[in-house]
Amino acid sequence: MTRRLRMHAGYQWRNSGHPAMTRLRTALDTRDAAVFPAVTSHLGGMSVAYSGLAEGLAYTLEFTELRREADSGEAAQRTTVKLTGKALQSPARLPDADITIVGTSAVRARRLPGRASLIMPMRVHFVIDTDGDPDTVCRKISKRERTQFNRDQRHHDWTWTVERDPAWFDVFYDRHYRPTMRARHGARERTETKDVSYECLFRTGRLFSLWQDGERIGGSLCHWDATSRVLTLRLLGVADGSAEHYNSGAFKAIYHFLIGWAAENGVRHLDFQGTEPFLSKGTYQWKRRFGTRVVLPPNHFGNKRLWLHVRRDTPEVRDFLVANPVLTETADGTLEAAYFHDASRPARQDYSAKSPGVERVRHLDLDTFLASVPEPKRTLS
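Chemist: In this structure, what is going on with the side chain of His-256? I would like to understand it.
Modeler: Tracing the chain through its elements places His-256 in helix H10 (residues 250-264). Discounting chain neighbours no more than four positions away, the residues touching His-256 are Ile-141, Glu-145, Arg-146, Phe-149 and Phe-290.

Chemist: What's the story with the packing of aromatic side chains in this structure? I'm lost.
Modeler: Pairs of aromatic rings are described using the distance from one ring centre to the other and the angle between the two planes. The full count for this structure, using the stated rule, is 22 aromatic pairs. Look at Phe-126 and Tyr-284: their rings are 5.2 Å apart centre to centre, the planes differ by 75°, and that puts the pair in the edge-to-face class. Of this pair, Phe-126 sits in strand S6 (residues 124-129) while Tyr-284 is found in helix H11 (residues 282-287), placing the two residues 158 residues apart along the sequence. With respect to burial, Phe-126 and Tyr-284 carry one shared label: buried.

Chemist: Even after reading the chapter, I still don't get the sheet that holds strand S16 (residues 358-365), so can you show me in this structure?
Modeler: For sheets, the rule is that strands pair by backbone hydrogen bonds, running either parallel or antiparallel. Spatially, three strands are ordered S14-S15-S16 in an open sheet, and the strand pairing comes out mixed. The open sheet terminates on both sides in strands that have one partner only, identified here as strand S14 (326-329) and S16. Strand-to-strand twist across the sheet, computed as the mean angle between neighbouring axes with direction ignored, equals 35°. Summarising the sheet, S14 and strand S15 (residues 335-341) pair through four bridges and their orientation is antiparallel. Note on S15: the bridge partner recorded for Val-326 is Ala-338.

Chemist: Help me understand the nonpolar core, please; the structure alone is not making it clear to me.
Modeler: In terms of nonpolar packing, the biggest core is built from 44 residues, with Leu-210, Leu-231, Leu-258 and Phe-272 touching the most fellow members. The set of elements that each furnish at least two residues to this core consists of S6, strand S8 (206-212), strand S9 (215-225), strand S10 (230-238), H10, strand S11 (269-275), H11 and S15. Among the elements that make up this core, the one with the highest residue count is H10 (eleven residues). Filtering out sequence-adjacent residues up to four positions away, Leu-258 remains in contact with Trp-160, Phe-208, Ser-220, Cys-222, Leu-231, Leu-233, Leu-270 and Phe-272.

Chemist: So what exactly am I meant to see when it comes to the environment of Arg-67 here?
Modeler: Take Arg-67: it is sitting in helix H3 (residues 55-72). Here the alpha-carbon distance between Arg-67 and Phe-320, two residues 253 residues apart in the chain, equals 8.3 Å. A polar atom in the side chain of Arg-67 sits 2.7 Å from the side chain of Asn-324.

Chemist: Explain the packing of helix H1 (residues 2-15) against helix H2 (residues 19-29) here, please?
Modeler: A packed helix pair is summarised by two numbers, namely the angle formed by the two axes and the spacing between the axes. Between H1 and H2, the least distance of the axes is 9 Å, while the angle of their chain directions is 80°. As judged from the angle between their axes, H1 and H2 are roughly perpendicular. In contact with Gln-12, Trp-13 and Arg-14 of H1, H2 contributes Met-21, Leu-24, Arg-25 and Leu-28. A class-by-class count of the residues in the contact of H1 with H2 yields four nonpolar, one polar and two charged.

The rules behind each value
Residues numbered from 1 in each chain as written. Predicted model: local features only at pLDDT ≥ 70, side-chain atom pairs only at ≥ 80, totals over all residues. Heavy atoms only, no water. Helix = DSSP H or I, 4+ residues; strand = E, 2+ residues; numbered from the N terminus. Contact = heavy atoms within 4.5 Å. Phe/Tyr/Trp six-rings, centres within 6.5 Å; stacked < 30°, edge-to-face > 60°. Buried < 20%, exposed > 50% of the residue type's maximum accessible area, 1.4 Å probe, protein only. Pairing = 2+ DSSP bridges. Axes fitted to C-alpha atoms, helices over the stretch in contact; angles between N-to-C directions. Core = buried A, V, L, I, M, F, W, Y, C linked by side-chain atoms within 4.5 Å. Polar contact = N/O pair within 3.5 Å; in protein donor to acceptor, adjacent residues only side chain to side chain. Parallel < 35°, antiparallel > 145°, perpendicular 65-115°, else oblique. Nonpolar A, V, L, I, M, F, W, Y, C, P; charged D, E, K, R; others polar.

Nothing here speaks to function; it is geometry throughout.
Written as structure tokens, this is what we have:
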């Protein structure tokens, strides 16, 4: 019993959307006396320093490295120090880097300097309002996605079932979810433990399976809140994490079936969870095609922000900013998309921000945005 209580307490600490819980966690996580990692990453001819909440190492710093790795083919070189929460409020005490990012509370982020800086959500979620006519809900999905799914469904004749058998939970977790996480994320995978998944998700949530030719080839495990009627996708996988099920469209089909089931079974909101606030993130571009609206997370991440500050104006910094438009938070708390550009670098509008919840689009001229930022001195050879 004690072990079960600990699992539920830990799960609620990580995921609860209760306002009292999120306020308490945010206050404790970002207090002055807390000690935080401050990591400087050198890669692709530029440096990015991330300081603050430890989650940002995986959710933010690693993303900047993946984007720079893709361009340079190199591996990041990191150096790490420790800073207190109080020190995070003094930019002069942050590690020196071309771009500095701080992960902290929304309140503390807004106290940091505004020049050459942006305030961004730490994460965003993608939610579908499913309390209505199923046909109307499905029509919110992009036409291309619907056409592709209908074609794949006719070819494979998939079926979708709700599962109650604990034996299927074992198979799903061991042979679908974990292999999929390893295949997609490798060493960067972030997983929920099997015991917690069974106790806090399977016992009170909803487990689904996708069938093809009489066999389960994929599935999803969701958290169910009966009071708010919110179904939240937590775990997802296809058999053995096989590329075959990505190529066939089975992985995407799980999302389509979830939407249809939610619309037909009294779910008010279907939460596909989230991603980092970078429009260049593949997950961001993919999830918005399902007719989702972008919201701040209902858990403690909803109270946390990123402060991004540019310290040096270099070609590499400009290239990075243009290649990675972001979601930012305005002074009135709304979300807007920010696209960078200059005379030789057009804005990357192929990374669309078109989604309910993103109120405005802003184009930032780098010459203006970086007007207060010094260019590094060039040495003569």
